Amino acid sequence: RVKALGRNDFQFFDPEMQSSAQERLEIEKGLHQALDNNEFELWFQPQLCSDDTIFAAEALIRWKHPQKGIILPGSFINIAEDSGQIVEIGNWVLKQALEQLASWKQRGLPKTFKKLAINISPVQFMQVNFVEDFLKLLNEVKLPGQMIELEITENMLLNNFEIASNKMKILKRRGISFAIDDFGTGYSSLKYLRHLPLDVLKIDRSFVTGLRSSSDQAAIVEVIIATADRLDLMIIAEGVETLNERSALMELGCHCFQGYLFSKPLPAEVFFSKLTASSAVNLISTEQEL
Ligand code: C2E
Ligand code: MG
Ligand code: MG
Ligand code: MG
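Every chain's residues receive numbers from 1 upward, in the order its sequence appears when written. Note on labels: chains are lettered from A, ligands numbered from 1, in written order. Local features in this predicted model are restricted to residues of pLDDT 70 or higher, and side-chain atom pairs are both shown and tallied only at a pLDDT of 80 or more, whereas totals for entire chains, interfaces and linings draw on every residue. Each side-chain value is derived from all of the structure's non-hydrogen atoms; neither hydrogens nor water enter the calculation.

S.K.: It is not clear to me how the overall build of the protein chain should be interpreted in this structure. Could you clarify?
M.R.: The helix and strand tally for the protein chain stands at 13 helices and 10 strands. The buried label goes to any residue with under 20% of its type's maximum accessible area, the exposed label to any with over 50%, and the partly exposed label to all in between, with areas taken from a 1.4 Å probe on protein chains only. For the protein chain, the residues scored as buried account for 46% of the 290 residues in total. When contacts within the protein chain are restricted to residue pairs at least 6 apart in sequence, long-range pairs at least 24 apart make up 67% of them. In this text, helices come from DSSP runs of H or I with a minimum length of four residues, and strands from runs of E with a minimum of two, each type numbered from the N-terminal end. For this analysis, residues touch if any pair of their heavy atoms sits within 4.5 Å.

Here it is as structure tokens:
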């Protein structure tokens, strides 16, 4: 295409660029309406350890677009971060997640279910009022901080280490735990990590996929697990899809998982049924043992 235009013709708007810019604009516009029209939903993906008990879940946002159907966060979180809309969306996510958890707690959660993990965008976490607003919300729904885990990424810490770690310490004192999401994909340094009040390292899916057949990947996962051990952190592997991946992870010393092998993210009610049903199964089997 460039050749056809001739040497001196400068094409300002590549049609592809234009369409993607237009698409971004469309999404950005759509996002405004999405909040107003209640088009967002939280879905929940179980986290399990090798005993197959669901000990936690991750809240994942979905956009039920009136025309386009369900849009996954990969197609709009970046845009919302660039436009600043992530702050409002993130606040909605927090409120929705906490209210949902509080309502489940009232209906009765299995004792084995410990917490709900919520993704926090750096832009959102860096808001001056984030800690204050979050703690206020936590008080309102009357949940113990121990039931909430915030997932943040390594890259957030890079540019804002001092501020981020101060915020984390305040929240930590209220029982909230922290997970490093997508671990291994960003800039990671033991030096940084060991000064933070972290609880969990989540191994990124890219290191998990095809683990059994790749010795390179196994070497990376080994280093990640060694890092987590050094820092005394729990490890959760993301994106576990096959029994082979699961057994390879266990051989390397990772015993907690999240992935399609166990469950895809589920709508709230479906997740709650699964959670309570699975604990009922546990109960029955315990009774049979007695
Ligand atoms: P993440 O936090 O790393 O979440 C895990 C993603 O991996 C989810 O994609 C989940 O559906 C997907 N996943 C889990 N198990 C498997 C598997 O076995 N195979 C495959 N192929 N995928 C698996 P999802 O829901 O599309 O979310 C993508 C990303 O969007 C998330 O990655 C997170 O970074 C972001 N995100 C999602 N919800 C929120 C939110 O409420 N707030 C913010 N700020 N970001 C969010
Ligand atoms: Mg996450
Ligand atoms: Mg992740
Ligand atoms: Mg990821």
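This is not the end of the story, as more comes after the structure.
S.K.: Even after reading the chapter, I still don't get the coordination of the magnesium ion (ligand 2), so can you show me in this structure?
M.R.: Working reference: metal with six octahedral donors, ideal angles 90 or 180 degrees; metal with four tetrahedral donors, ideal angle 109.5 degrees. The protein atoms that coordinate the magnesium ion (ligand 2) are Glu58 (OE), Asn119 (OD1), Glu151 (OE) and Asp181 (OD), at distances of 2.0 to 2.2 Å. Here the donor residues of the magnesium ion (ligand 2) share one chain and are spaced in sequence as E-x60-N-x31-E-x29-D. Note on donors: an N, O or S atom is included if it sits within 2.8 Å of the metal, or within 3.2 Å for Na, K and Ca, and water is never included, so sites can look incomplete. The two metals, the magnesium ion (ligand 2) and the magnesium ion (ligand 3), are separated by 4.0 Å and share Asp181 as a common coordinating residue. With Glu58 in strand E2 (residues 54-65) and Asn119 in strand E4 (residues 115-119), this residue pair connects regions lying 61 residues apart in the sequence. Take Glu58: its relative accessible area is 3%, and that puts it in the buried class.

S.K.: I'm lost on the site of ligand 1 in this one. Help?
M.R.: As a matter of local geometry, ligand 1 sits amid 21 residues, with Arg62, Asn119, Asp181, Glu241 and Tyr260 nearest to it. In protein, a polar contact requires one atom able to donate a hydrogen and another able to accept it; more generally it is a pair of N or O atoms within 3.5 Å, and residues adjacent in sequence count only if both atoms are side-chain atoms. Separating a nitrogen atom of ligand 1 from a side-chain N or O atom of Gln45 is a distance of 3.1 Å. Interatomic distance of 3.2 Å between a side-chain N/O atom of Arg205 and a nitrogen atom of ligand 1. Residue exposure ignores everything except the shown protein chains as possible cover, and the areas themselves are Shrake-Rupley values with a 1.4 Å probe. When ligand 1 sits alone it has 800 Å² of accessible area, and the protein chains cover 84% of it. Where the shell around ligand 1 is concerned, the elements lending two or more residues are E2 and strand E6 (177-183). Here the shell around ligand 1 takes 4 residues from E2, the largest share from any one element. Just so you know the grouping, Ala, Val, Leu, Ile, Met, Phe, Trp, Tyr, Cys and Pro go in nonpolar, Asp, Glu, Lys and Arg go in charged, and all remaining residues, Gly too, go in polar. Counted by class, the shell around ligand 1 contains 8 nonpolar, 5 polar and 8 charged residues. The nearness test applies per residue and asks whether one of its heavy atoms lies within 4 Å of the molecule or strand.

S.K.: In this structure, what is going on with the nonpolar core? I would like to understand it.
M.R.: Nonpolar side chains in soluble globular proteins generally cluster together in the buried interior. Judged by nonpolar contacts, the single largest core of 83 residues is most densely connected at Ile118, Phe134, Leu150, Leu157 and Leu171. Tallying contributions element by element places helix H4 (residues 86-107) first for this core, with 11 residues. By nonpolar core we mean a set of buried residues, namely Ala, Val, Leu, Ile, Met, Phe, Trp, Tyr and Cys, connected to one another through side-chain atoms within 4.5 Å. In this structure, Phe55, Ala56, Ala179 and Cys256 belong to the second largest nonpolar core, which totals 7 residues.

S.K.: I'm lost on helix H8 (residues 161-173) in this one. Help?
M.R.: Side chains that are three or four residues apart share a direction in an α-helix, a result of its 3.6 residues per turn. In a regular helix each residue adds 1.5 Å, so 13 residues correspond to 18 Å; H8 covers 18 Å between its end C-alpha atoms and thus fits that length. All buried positions along H8 are accounted for by Phe161, Ala164, Ser165, Lys167, Met168 and Leu171. The buried residues of H8 all sit within an arc of 160 degrees when viewed along its axis, so they share a single face. In H8, the exposed residues that point more than 90 degrees away from the buried face are Glu162 and Arg173. A helix is expected to span 1.5 Å multiplied by its residue count minus one. Comment: arc refers to directions from the helix axis out to C-beta atoms.

S.K.: Hey, could you run me through the pattern of salt bridges in this one?
M.R.: Oppositely charged side chains can form a pair if their charged atoms are brought close together. Note on definitions: salt bridges are taken to be side-chain nitrogens of Lys or Arg within 4 Å of carboxyl oxygens of Asp or Glu. Summed over all chains, the structure comprises 12 salt bridges. Among the ionic pairs, Arg212 bridges to Glu251, the shortest N-O distance being 3.2 Å. Of this pair, Arg212 sits in the loop between helix H10 (205-208) and helix H11 (215-231) while Glu251 sits in helix H12 (residues 243-252), and the two are 39 residues apart along the sequence. Accessibility expressed as a relative area gives 61% for Glu251, which makes it exposed. Here the salt bridges do not stand alone but share partners, grouping Glu58, Glu151, Lys202 and Glu238 into one network.

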